[in-house]
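Fold and contact review
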Amino acid sequence: MEHPENSAEYAGLQVNSGVEQPSIINPYLKRNRFRRRELTAAEMVEGIVKGDVTVLSQAVTLVESVNPDHQAKAQEVINKCLPYSGNSIRIGISGVPGAGKSTSIDAFGIHVLKEHGGRLAVLAIDPSSERTKGSILGDKTRMEKLSVHPDSFIRPSPTAGSLGGVARKTRETIILCEAAGFDKIFVETVGVGQSETACHSMVDFFLLLQVAGTGDELQGIKRGIMEISDGIVINKCDGDNVDRCHMAATNFRNALHFFPKSESGWMPQVLCYSGFFGTGVKEVWDMIYEYIDFVKANGYFGYRRNEQSKYWMYETINEQLRLKFYNNPVIRQQLQDAENTVLAGQQTSFTAAQKLLDSYYAHLKE
């Protein structure tokens, strides 16, 4: 478009067209230049066994994917990594939100890497929103020392609707981490209640974090998560809170006498420590190693891992049956009609569910 200033009425004034503006995109940039080549299952296993954390991260992402094609490849990777797994201490860390789980893991991890060496993997589970289905995945920011340690690997994962305070694929991720040479594995839960105890079914030692002054003494003798704990530690034992922590520890020790003896024969210990100041961390690790030596000596260590493998086999069956049911085309067509009849009061929830199951079984026979 010509400039209006160049018209005859503006004699003596000349405006040049100027230089054509270049594109904001670099013409020499190749679009596929930075595209990462997709590794095969064999290449992925080779990288994991060599301890390559980049390949390990890719494998964990593959395992967590809900894409059926990805799942087939993920299972192949897991099966090939299985012979290299099992040589680690798996520690589950749970407690109420705000008990200091992430801060404690940072203190525990730095201590064990400094005193005992080896490599540490932290599987931090973050709750997913029921509304947006998203997760912050910010636990790593509270592990300031571990996040920059060369011998640590921190992997935040969303629960994605899974119950029990752990992600659906945490069990498989543990196998991959063990194959990568991590001999100590922390599984941090989202902060579970008294009934959500799935984390216990995938670890060797279940550590429960408590804080003093958060409830009455009756909370200490309630069944659930207290019953399955192999050790109880009371965090934030510093400053003016020391006396309250020791009083709470005494209450918990008394409460443990009301519980039946565990299958392992181990009597859970109750300790006080400060994750912020790092005091009492050595005593916590001494307790963990004492427990591991105890259960390995009486054979419970291997028995518990076998029971866990059997448990997750049945859990996988249940999950696959549920997915097959809801992804069935016949059920998809009938589900909305059944829902409408229940909401209209034309049939009960149990009757509608039974009819859907009968329809599913009939479809399988065809």
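Residues numbered from 1 in each chain as written. Predicted model: local features only at pLDDT ≥ 70, side-chain atom pairs only at ≥ 80, totals over all residues. Heavy atoms only, no water.

1. What about the overall build of the protein?
- On a plain count of helices and strands, the protein comes out with 10 helices and 7 strands.
- Within the span of the protein, comprising 366 residues, buried residues form 43% of the whole.
- Relative to all contacts within the protein whose residues are 6 or more apart in sequence, the contacts with residues 24 or more apart total 74%.
- Carbon together with sulfur atoms contributes 54% to the accessible area of the protein, which is approximately 21,400 Å² in total. (Helix = DSSP H or I, 4+ residues; strand = E, 2+ residues; numbered from the N terminus. Buried < 20%, exposed > 50% of the residue type's maximum accessible area, 1.4 Å probe, protein only. Contact = heavy atoms within 4.5 Å. Areas by Shrake-Rupley, 256 points an atom, 1.4 Å probe, with all protein chains shown as cover.)

2. Some remarks on the nonpolar core
- Met 44, Ile 48, Leu 56, Val 77, Leu 176, Cys 177 and Ile 234 are the most contacted members of the largest nonpolar core, which totals 48 residues.
- Sort the elements by how many residues they give to this core and helix H2 (residues 53-64) lands first, with 6 residues.
- Setting aside anything within four residues of it in sequence, one finds Met 44 in contact with Leu 39, Val 55, Gln 58, Ala 59, Leu 62, Lys 73 and Val 77.
- Ile 105, Leu 120, Trp 266 and Met 287 belong to the second-largest nonpolar core, a separate cluster that totals 34 residues. (Core = buried A, V, L, I, M, F, W, Y, C linked by side-chain atoms within 4.5 Å.)

3. As for the confidence of the model for the protein
- Residue-level pLDDT values for the protein average 82, and 82% of them are 70 or greater.
- Within the protein, the element-level pLDDT minimum falls on strand S3 (residues 152-158), averaging 84, and the maximum on helix H7 (residues 281-298), averaging 94. (pLDDT = per-residue confidence, 0-100.)

4. Section: the packing of helix H1 (residues 41-49) against H2
- As a packed pair, H1 and H2 sit with axes 8 Å apart at the nearest point and diverge in direction by 130 degrees. With respect to H2, the axis of H1 lies oblique. Note on packing geometry: the crossing formed by H1 with H2 is left-handed. Here Met 44, Gly 47 and Ile 48 of H1 lie close against H2, whose contacting residues are Val 55, Leu 56, Gln 58, Ala 59 and Leu 62.
- Taken together, the residues that form the contact of H1 with H2 break down as 6 nonpolar, 2 polar and no charged. (Axes fitted to C-alpha atoms, helices over the stretch in contact; angles between N-to-C directions. Parallel < 35°, antiparallel > 145°, perpendicular 65-115°, else oblique. Left-handed = near helix turned anticlockwise from the far one by under 90°. Nonpolar A, V, L, I, M, F, W, Y, C, P; charged D, E, K, R; others polar.)

5. Section: the environment of Ile 110
- Its location among the elements puts Ile 110 in helix H4 (residues 101-116).
- Along the sequence, Ile 110 and Lys 145 sit 35 residues apart, while their C-alpha atoms lie 7.1 Å from each other.
- In contact with Ile 110, not counting residues within four places along its chain, are Lys 145, Leu 146 and His 149.

6. Some remarks on the state of the cysteines
- Tallied over the entire structure, the rule returns 0 disulfides.
- Among the cysteines around Cys 245, which has no disulfide bond, Cys 237 carries the closest sulfur, lying 4.3 Å off. (Disulfide = S-S within 2.5 Å.)

7. A few points about the packing of aromatic side chains
- Counted according to the given criterion, the structure contains 13 aromatic pairs.
- With centroids separated by 5.3 Å and ring planes inclined at 85 degrees, the aromatic side chains of Trp 266 and Tyr 291 adopt a geometry described as edge-to-face. Here Tyr 291 lies in helix H7 and Trp 266 lies in the loop between helix H6 (242-256) and strand S7 (269-272), a separation of 25 residues in the sequence.
- With centroids separated by 5.8 Å and ring planes inclined at 45 degrees, the aromatic side chains of Tyr 300 and Tyr 303 adopt a geometry described as tilted. Of this pair, Tyr 300 and Tyr 303 both sit in helix H8 (residues 300-326), 3 residues apart, roughly one helical turn.
- Three or more aromatic residues link up through ring pairs in this structure, and these residues are Phe 205, Trp 266, Tyr 291 and Phe 294.
- The ring centre of Phe 182 lies 4.2 Å from the NZ or CZ of Arg 119, which sits over that ring. (Phe/Tyr/Trp six-rings, centres within 6.5 Å; stacked < 30°, edge-to-face > 60°. Lys NZ or Arg CZ within 6 Å of the ring centre and 35° of its normal.)

8. Focus: the side chain of Ser 359
- In this structure, Ser 359 sits in helix H10 (residues 349-365).
- Take Ser 359: its relative accessible area is 18%, and that puts it in the buried class.

9. Description of empty space enclosed by the protein
- With the rule as written, the count across this model stands at 1 cavity of 30 Å³ or more.
- Of the volumes computed, that of the largest cavity is approximately 40 Å³.
- Elements represented by at least two residues in the lining of the largest cavity include exactly strand S2 (120-126), S3 and helix H5 (170-179).
- For the lining of the largest cavity, the element with the most residues is S2, which contributes 3 residues. (1 Å grid on protein atoms, 1.4 Å probe; cavity = no way out; pocket = protein on both sides within 12 Å on 5 of 7 lines; lining within 4 Å. Points joined across faces, edges and corners; volume = space filled by probe spheres on them.)

10. A word on the pairing of S7
- The pairing of strand S6 (residues 231-235) with S7 spans 4 bridges and is classified as parallel. Note on S7: the bridge partner recorded for Val 233 is Leu 271.
- Crossover S6 to S7 through H6 is right-handed. (Pairing = 2+ DSSP bridges. Right-handed = clockwise from strand over helix to strand, strands pointing away.)

11. Focus on a nonpolar patch on the surface
- A contiguous nonpolar surface patch, about 410 Å² in accessible area, is contributed by Met 313, Tyr 314, Ile 317 and Leu 321.
- Of the residues examined, Tyr 314 reaches a relative accessible area of 49% and is grouped as partly exposed. (Patch = residues over 30% accessible without salt bridge, like charges linked within 9 Å, V, L, I, M, F, W, Y side chains within 5 Å. Salt bridge = Lys/Arg side-chain N within 4 Å of Asp/Glu carboxyl O.)

12. Side note on the pattern of salt bridges
- Per the counting criterion, the structure on display carries 10 salt bridges.
- Ionic pairing is found between Glu 46 and Lys 50, a salt bridge with its closest N-O pair at 3.2 Å.
- What makes Glu 46 partly exposed here is its relative accessible area of 43%.
- Between Lys 310 and Glu 307 there is a salt bridge; the shortest N-O distance is 3.5 Å. Of the two residues, Lys 310 and Glu 307 are both situated in helix H8; the distance of 3 residues between them amounts to about one turn of the helix.
- Judged by relative accessible area, which is 40%, Lys 310 ranks as partly exposed.
- Judged by its relative accessible area of 32%, Glu 307 falls in the partly exposed class.

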